[in-house]
Each structure stands twice: as C-alpha cells, then as structure tokens.
Amino acid sequence: MKVETRKDEIIKTASRLFKDKGYSAVTMRDLASELGIKAASLYNHIDSKQELLKSIILNLAENFTAGMKDVLNSDKVATDKLRMLVELHVKITSNNVYGMASLNNDWMHLEDQLEYYLKLRHDYENNFKAIVIDGIAKGELLDSDPEVLMFSILSTLRSLYLWIPQKDKLDTELITHQLSEVLISGMERK
C-alpha cells in the first residue's frame, strides 16, 4: 500500500476544492487554509495551482488511456470490450470522484498541456467509437449511428462522479454489472 505524501494530500484536497468551487474560484490561500498551513508553505511541495490541475487531469486521462489500451489488446468481442470500459470508468471514478469533476469541468483551464490532454481524449473517443463500429459490423450491436451509441454510454459514464458519492454503500461490481445491462444490453442486437 502506497503511503500518502504531503503532495498527495495537497492534490487530493485541491481536487475536492476544485469540485466544490470550480478551478477558477479556488485560490492558493483557500487550499492552504483547508490544509491548515500557510500559503507560502504550499510552494515547498508544488509550483502552482496549474501544476495541481495538470496532475489531477493528466493522471486520470493517462489512466483511461492505459485502460483503453488493455481493452483494445483483448481478444474479446465488442460488447465485452464495452463492458470492460464500463468497468474501467466505474473503477477510476469510484477511486477519484473529485478528480473526475476536474477532468470533466476544468480541463479547458489546462495551459501548456491542453493540446496533450485533448489528444488523449480524442484518441480515447476514437477508440471507443471503433469498438462500437466493430460491434455494429459484426452484428453484435444495433445498426445505429456509432457516435450516438458511443455518446449515450460516455455521457452516463462521465457523469458517474455526480452519482457515486450519493451511494451509501458502493459495490463497484454491482454498479458495473447494472450499468452494463442498461447501457450495453439496450443496444445489443438480439
């Protein structure tokens, strides 16, 4: 088990504040106050608020990219790959609800890493759509617009960070199964 460093604690607290107030509204003083330290002490651990945002968003985006690579390298059929992606989203979101809020709401504030993030997101969506297209071509999924099918699933998965904290007891396996049933079985060709 990884021991949480002071920098990890700062990133975690920043994630929560960014979710609650929005990236633009959070100051370094807010963050320091929340941590119970002086603002100047933050700079012993981080360079800037932008560094925190980059760390939060790029870490998550790279985790999704790595997960997508595993899905693409599997020999499973398209519907099973989609189920794997549902599981990936549930797992990553349940482990980082606050960070997912920044990923969804604050990505446009990335400065020098915005282009990199947009490439990761674009590639992820293209790979997702390719799985859907393959499923349609092989008769596994309804013959429908692949983008509509993809965004039907992704819009739900991207908003999990809003719903998961409201769960008293989080059973990620059950949520993954139920989401897969609703999102994927509804588009399977019977």
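Note that residues are indexed from 1 along each chain, following the sequence as it is written. Confidence filtering applies because this is a predicted model: local features only for residues at pLDDT of at least 70, side-chain atom pairs given and counted only at 80 or more, and all residues used for totals across whole chains, interfaces and linings. In computing side-chain values, all of the structure's heavy atoms are included and hydrogens and water are not.

1. A word on the side chain of Ser15
Segments assigned H or I by DSSP are reported as helices when at least four residues long, segments assigned E as strands when at least two residues long, and all are numbered from the N terminus. The topology assignment puts Ser15 in helix α1 (residues 6–21). Relative accessible area decides the class of each residue, using a 1.4 Å probe on protein chains only: under 20% of the type maximum gives buried, over 50% gives exposed, and in between gives partly exposed. A residue is classified by how much of its surface remains accessible, and Ser15, at 4% relative accessible area, is buried. In this analysis, two residues are considered to be in contact whenever any of their non-hydrogen atoms come within 4.5 Å of each other. Setting aside its immediate chain neighbours within four residues, Ser15 contacts Ile56, Tyr98 and Gly99.

2. Here we look at the nonpolar core
In these notes, a set of buried Ala, Val, Leu, Ile, Met, Phe, Trp, Tyr and Cys residues joined through side-chain atoms within 4.5 Å is what counts as a nonpolar core. Residues Leu82, Leu85 and Phe128 are the most contacted members of the largest nonpolar core, which totals 56 residues. Here this core takes ten residues from helix α4 (residues 49–73), the largest share from any one element. For Leu82, the contacting residues outside a window of four places in its chain are Phe128, Ile131, Val132, Leu141, Ile153 and Ile184.

3. Concerning the packing of aromatic side chains
Only Phe, Tyr and Trp rings are paired, with Trp represented by its six-membered ring, and only when their centres lie within 6.5 Å; those with planes under 30 degrees apart are stacked, over 60 edge-to-face, the remainder tilted. Taken as a whole, this structure holds four aromatic pairs when the rule is applied. Ring geometry for Tyr124 against Phe128: centres 6.3 Å apart, planes inclined by 50°, an arrangement best described as tilted. Taken as a pair, Tyr124 and Phe128 lie in helix α7 (residues 114–137) at a separation of four residues, close to a single helical turn. By relative accessible area, Tyr124 is classed as buried at 7%. You can call Phe128 buried: its relative accessible area is 0%. Criterion for a charge above a ring: Lys NZ or Arg CZ within 6 Å of the ring centre, and within 35 degrees of the ring normal. In this structure, Lys49 is placed above the aromatic ring of Tyr23, and the distance from its NZ or CZ to the ring centre is 4.3 Å.

That's the geometry; what it means functionally is another story.
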